[in-house]
Amino acid sequence: MKTGIQLFRSATTLFIALTLGGMASAIDWRTGDSVTVAKSEVIQDDLYVAGNDVQIDGTVNGDLFVGGRTVTINGDVRGNLWASGETLILGGKVTQTARVAGSVIRVQNGASIGRDLLAAGSEVVVAPGVVIGRDVAVGSSQAQLDGRVTRNAYVGANGIEVGGVIGGNAKMAVGDTAVPTGNNWTTFSDPGLRFTQGGRIAGDLTLQRSDSGQAALPAGVVGGQVTYAPINGVNIRPRPNPFASFLSAFVGIALIGLLLLWLARPRLLGVWEKLRAAPAASLGYGAVAFVGLPIAALLGVLALGLLAGALTLLRLGGLGLPLAFVGMPVLLGGATLVAWLAMLGAQGFAAYLIGTWIVHALRPKGNMAPVAMVLIGALLLALVLQIPVLGALATLAALLLSLGALWLTLRGPPRRPVVPQVSVPQAT
């Protein structure tokens, strides 16, 4: 048990150190198995506390960050409060906002919070006599609001009990089934929204339930309008129709392929011949282009940034700023547009390649209209794209092969070096 407590204290201390370690010069650290700040003690800086049992009875003139198994705060916190623990009891005053999390959270009679209360736990209780200066936001299994909330309340819980006055509007989401609460789960919380004697919402109430029924509220407990709404669950998209998905892919690929055929049919024939003659080289050059183009775009952005910075240092900000704020977005947008067009063109070109390959394989000496070859290839490629992994791989392979073959075609055959002719004298 001692080892577990030490591990908890060490983990809590490490969390605080990692989260707020850059402020070590203006904070006060307190760690140990049992940490107590006496009532007569005044902390002039922010206070960070981690321990098994923590008792804060003194005054903290800064922010208080505390974590422990049992945390009790009866003193005054002149700044903000961040607290977490299995059991958390707040009986003092917080000038700013209190952010608390734990299994059981109790804000006792006599406590006050100057601004907002944000609480998350299994059971959150705000006792009578508590005053919250602005808003309250609670997420829990069971929430009990018997204090006074000056402005608005936002509560999501399986069961909500209102015994105090909420001065503004309230938005509440409640369940409709009893759920276990407490550490040993021997008790169950009552579902729904309940008002006890003195409980009232001065403004409007938006009540969300997990069913479509409307809860019956006592007369006069809500001063404004009551709006009922079901709790929005997770939206699950219906599975698309396989035939519709196939038809959409076929039409899109076919249109792109026909557009390519119309714009650059002679070039497509040359790319096809190059791909058939050097498939490995086409794949390799395509992979280099696939990786190199994004790197080139990033290097271009970096170069523009350096150039803009140099112009600014030379007091030519009138040139540097437009170059940075206009040239860099244009370069990135152009690279994105090229990548998108390349992906679309790759599918259309793949349809042309697949159709041409099939026609040549089935009819080596026959002729077929290029439009028919594109449609045949689009039909087969659309079928392949319906298979999740295989479709993505096919699109990537088509992109790499088409980019590589296009590069080889544009580059043309390498020039052969000219060998000078040396005349040999004839023997006489």
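Residues numbered from 1 in each chain as written. Predicted model: local features only at pLDDT ≥ 70, side-chain atom pairs only at ≥ 80, totals over all residues. Heavy atoms only, no water.

(A) Quick look at the nonpolar core. Of all hydrophobic cores here, the largest spans 52 residues; its most connected members are Ile73, Leu81, Leu117 and Met172. When residues no more than four places from it in sequence are discounted, the contact partners of Leu117 are Ala98, Val100, Val107, Val126, Ile132, Asp135, Val136 and Ala137. Of all hydrophobic cores here, the second largest spans eight residues; its members include Val271, Phe349, Tyr352 and Val374. (Core = buried A, V, L, I, M, F, W, Y, C linked by side-chain atoms within 4.5 Å. Buried < 20%, exposed > 50% of the residue type's maximum accessible area, 1.4 Å probe, protein only. Contact = heavy atoms within 4.5 Å.)

(B) Region of the structure containing a nonpolar patch on the surface. The grouping of Val291, Ile295, Leu299, Leu302 and Leu306 at the surface amounts to a nonpolar patch, some 490 Å² of accessible area in total. As for its placement among the helices and strands, Val291 is situated in helix α3 (residues 279-313). In this structure Val291 comes out as partly exposed when scored by relative accessible area, which is 48%. (Patch = residues over 30% accessible without salt bridge, like charges linked within 9 Å, V, L, I, M, F, W, Y side chains within 5 Å. Areas by Shrake-Rupley, 256 points an atom, 1.4 Å probe, with all protein chains shown as cover. Salt bridge = Lys/Arg side-chain N within 4 Å of Asp/Glu carboxyl O. Helix = DSSP H or I, 4+ residues; strand = E, 2+ residues; numbered from the N terminus.)

(C) Quick look at the environment of Ala350. Inspection of the secondary structure assignment puts Ala350 in helix α4 (residues 317-362). Classification of Ala350 by relative accessible area gives buried; the value is 7%. Along the backbone, Ala350 and Val374 are 24 residues apart, and their C-alpha atoms lie at a distance of 8.8 Å.

(D) Seen up close, helix α5 (residues 370-385). With 16 residues, α5 ought to run about 22 Å at 1.5 Å a step, and its terminal C-alpha atoms sit 22 Å apart, in line with that. All buried positions along α5 are accounted for by Pro370, Met373, Val374, Gly377, Ala378, Leu381 and Ala382. Taken around the axis of α5, the buried residues stretch over an arc of 160 degrees, which confines them to a single face. (Expected span 1.5 Å × (residues − 1). Arc of directions from axis to C-beta.)

(E) Spatial organisation of the environment of Leu64. Relative to the assigned elements, Leu64 resides in strand β5 (residues 64-73). Residues Leu64 and Asp46 lie 18 residues apart in sequence; the distance between their C-alpha atoms is 5.9 Å. Apart from residues lying up to four places away in sequence, Leu64 is in contact with Leu47, Val49, Ile56, Ile73, Val77, Asn80, Leu81 and Trp82.

(F) Inspection of the pairing of β5 at higher detail. The buried fraction of β5 amounts to eight of the ten residues, a majority that puts the element mostly inside the structure. Across nine bridges, strand β3 (residues 46-56) lies against β5 in parallel orientation. Along β5, the bridge assignment pairs Ile56 with Ile73. Both β5 and strand β7 (residues 81-90) contribute to a ladder of nine bridges, which runs parallel. Within β7, the residue paired with Ile73 across the bridge is Leu90. (Pairing = 2+ DSSP bridges.)

(G) Fine view of the packing of aromatic side chains. Summed over all chains, the structure comprises two aromatic pairs. Centroid distance Tyr48 to Phe65: 4.5 Å. Interplanar angle 5 degrees. Geometry classified as stacked. One end of the pair, Tyr48, is in strand β3; the other, Phe65, is in strand β5, and 17 residues separate them in sequence. For the pair formed by Tyr48 and Phe65, the shared burial category is buried. Here the aromatic residues Tyr48, Phe65 and Trp82 are joined through ring pairs into a cluster of three or more. (Phe/Tyr/Trp six-rings, centres within 6.5 Å; stacked < 30°, edge-to-face > 60°.)

(H) Main features of the pattern of salt bridges. A complete count under the given rule lists six salt bridges for this structure. A salt bridge links Arg151 to Asp135; the shortest N-O distance between them is 3.1 Å. Taken together, the positions of Arg151 in the loop between β14 (148-149) and β15 (153-156) and Asp135 in the loop between β12 (131-132) and β13 (136-145) put the pair 16 residues apart, joining distant regions of the chain. Residue Asp135 is classed as buried on the basis of its relative accessible area of 15%. Across the pair Glu161 and Arg194 runs a salt bridge, and its minimum N-O distance is 3.9 Å. Taken together, the residues Glu161 in strand β16 (residues 159-162) and Arg194 in strand β21 (residues 192-195) connect sequence positions 33 residues apart. Residue classification places Glu161 among the buried positions, given a relative accessible area of 18%.

(I) The pairing of β7, seen in detail. Examined bridge by bridge, β7 and strand β9 (residues 98-107) share nine bridges and lie parallel to one another. Following the sheet pairing, Thr87 is matched in β9 by Val104.

(J) Representation of the confidence of the model for the protein in the model. When pLDDT is averaged along the protein, the result is 75, and 66% of the positions lie at 70 or above. Predicted confidence for residues 183-188 stays below pLDDT 50, and this span has twelve contacts to residues more than four positions away or in other chains. Considering only residues more than four positions removed or in separate chains, one finds that residues 414-422, a stretch of pLDDT under 50, has zero contacts. (pLDDT = per-residue confidence, 0-100.)

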